[in-house]
Amino acid sequence: MSTLPTPEQAKELLMQYNSEPFHIQHAETVSKVMGEFAKEYDSENVDFWRSVGMLHDIDFERWPEQHCAKADELLHELDLDEDLIHAVVSHGYGICYDVEPTKYMEQVLFATDELTGLIGAVALMRPTGLSDMEPKSVMKKFKDKKFAAGCSRDVIRRGAEMLGMELNELIEKTIRAMRAE
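Residues numbered from 1 in each chain as written. Predicted model: local features only at pLDDT ≥ 70, side-chain atom pairs only at ≥ 80, totals over all residues. Heavy atoms only, no water.

Peer 1: Outline the packing of aromatic side chains, listing residues and values.
Peer 2: On inspection of all chains with the given rule, the structure shows 3 aromatic pairs. Each ring, one from Tyr41 and one from Tyr104, has its centre 4.9 Å from the other, and the planes form 55 degrees; the classification is tilted. Taken as a pair, Tyr41 in helix H2 (residues 21–41) and Tyr104 in helix H6 (residues 104–125) lie far apart in primary sequence, 63 residues in all. Among the residues examined, Tyr104 registers a relative accessible area of 28% and is labelled partly exposed. Within the aromatic cluster, the residues linked to one another by ring pairs are Phe37, Tyr41 and Tyr104. We note Lys70 situated over the ring of Trp63; from NZ or CZ to the ring centre the distance is 4.9 Å. The aromatic ring of Phe142 is capped on one face by Arg153, whose charged end is 5.9 Å from the ring centroid. (Phe/Tyr/Trp six-rings, centres within 6.5 Å; stacked < 30°, edge-to-face > 60°. Helix = DSSP H or I, 4+ residues; strand = E, 2+ residues; numbered from the N terminus. Buried < 20%, exposed > 50% of the residue type's maximum accessible area, 1.4 Å probe, protein only. Lys NZ or Arg CZ within 6 Å of the ring centre and 35° of its normal.)

Peer 1: With reference to specific residues and values, describe the packing of helix H4 (residues 69–77) against helix H5 (residues 82–90).
Peer 2: Two elements in contact, H4 and H5, have axes separated by 9 Å at closest approach and are oriented at 165 degrees. Comparing the axis directions of H4 and H5 gives the class roughly antiparallel. Handedness of the H4/H5 crossing: right-handed. Within the contact between the two elements, H4 uses Ala71, Asp72, Leu75 and His76 and H5 uses Glu82, Leu84, Ile85, Val88 and Val89. For the contact of H4 with H5, the per-class residue count stands at 6 nonpolar, 1 polar and 2 charged. (Axes fitted to C-alpha atoms, helices over the stretch in contact; angles between N-to-C directions. Parallel < 35°, antiparallel > 145°, perpendicular 65-115°, else oblique. Left-handed = near helix turned anticlockwise from the far one by under 90°. Contact = heavy atoms within 4.5 Å. Nonpolar A, V, L, I, M, F, W, Y, C, P; charged D, E, K, R; others polar.)

Peer 1: Before we move on, can you summarise the confidence of the model for the protein with the specific residues and values?
Peer 2: Put simply, the protein has an average pLDDT of 95, and 99% of its residues get 70 or more. When the elements of the protein are averaged for pLDDT, helix H7 (residues 135–142) gives the smallest value, 95, and helix H3 (residues 46–55) the largest, 98. (pLDDT = per-residue confidence, 0-100.)

Peer 1: Residues and numbers for the pattern of salt bridges, please.
Peer 2: All chains considered together, the criterion is met by 8 salt bridges. Salt-bridge contacts for Lys39 lead to Glu36; the nearest nitrogen and oxygen are separated by 2.9 Å. Of this pair, Lys39 and Glu36 are both found in helix H2, 3 residues apart, which corresponds to roughly one turn of the helix. Classification of Lys39 as partly exposed rests on a relative accessible area of 49%. Accessibility expressed as a relative area gives 21% for Glu36, which makes it partly exposed. A salt bridge links Glu40 to Lys173; the shortest N-O distance between them is 2.8 Å. With Glu40 in helix H2 and Lys173 in helix H9 (residues 167–179), the pair connects residues that are 133 residues apart, well separated along the chain. (Salt bridge = Lys/Arg side-chain N within 4 Å of Asp/Glu carboxyl O.)

Peer 1: Describe in detail H6, supporting the description with residues and values.
Peer 2: Here H6 is 22 residues long and its end C-alpha atoms lie 32 Å apart, about the 32 Å a rise of 1.5 Å per residue gives. Helix geometry: H6 is bent most strongly at Thr112, by close to 30 degrees. In terms of residue burial, H6 counts as a mostly covered element, since 16 of its 22 residues are buried. (Expected span 1.5 Å × (residues − 1). Bend = angle between axes of the 7 residues up to and from the residue.)

Peer 1: For the environment of Phe142, give the residues involved together with the corresponding values.
Peer 2: Within the secondary structure, Phe142 sits in helix H7. Since its relative accessible area comes to 3%, Phe142 is described here as buried. Setting aside residues no more than four positions away along its own chain, Phe142 makes contact with Leu118, Arg153, Ile156, Arg157 and Leu167.

See below:
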């Protein structure tokens, strides 16, 4: 019988495979963003969305060259829910893994994973951080390929397209989700 971890249990699992503060904070940010999107699109499953966000990079710190493949293996060994596993590994679609994000929640993860990194980098450059950030600030840095070069603009664009959103709309919703209490 497969299990579905709570967001707190998902964090405990993440911590078994990750110790870098950056990776843990990224997982927490993506989990928070997923939870905020769930409130709008799937309010009955907020904890599920948050758990997926928390676990999406469970393998990245230890096995970056096997990202998503190792997560698939680990999460199956832990006998976790198949829907959760599919969602986690689908965020690597076309990048490092061949599982397509078919559900809306999976597409949100695909779209916001890289975007939270870019927004976070922009926030670090601003004296007021996220508090009064506008999408235009992010778009300005989005166009600068040298800024936060590790955040794939192509993946962010593809994610927005999957969701049927304009890039500005996705950026605005993600900023709001990152600001949420």
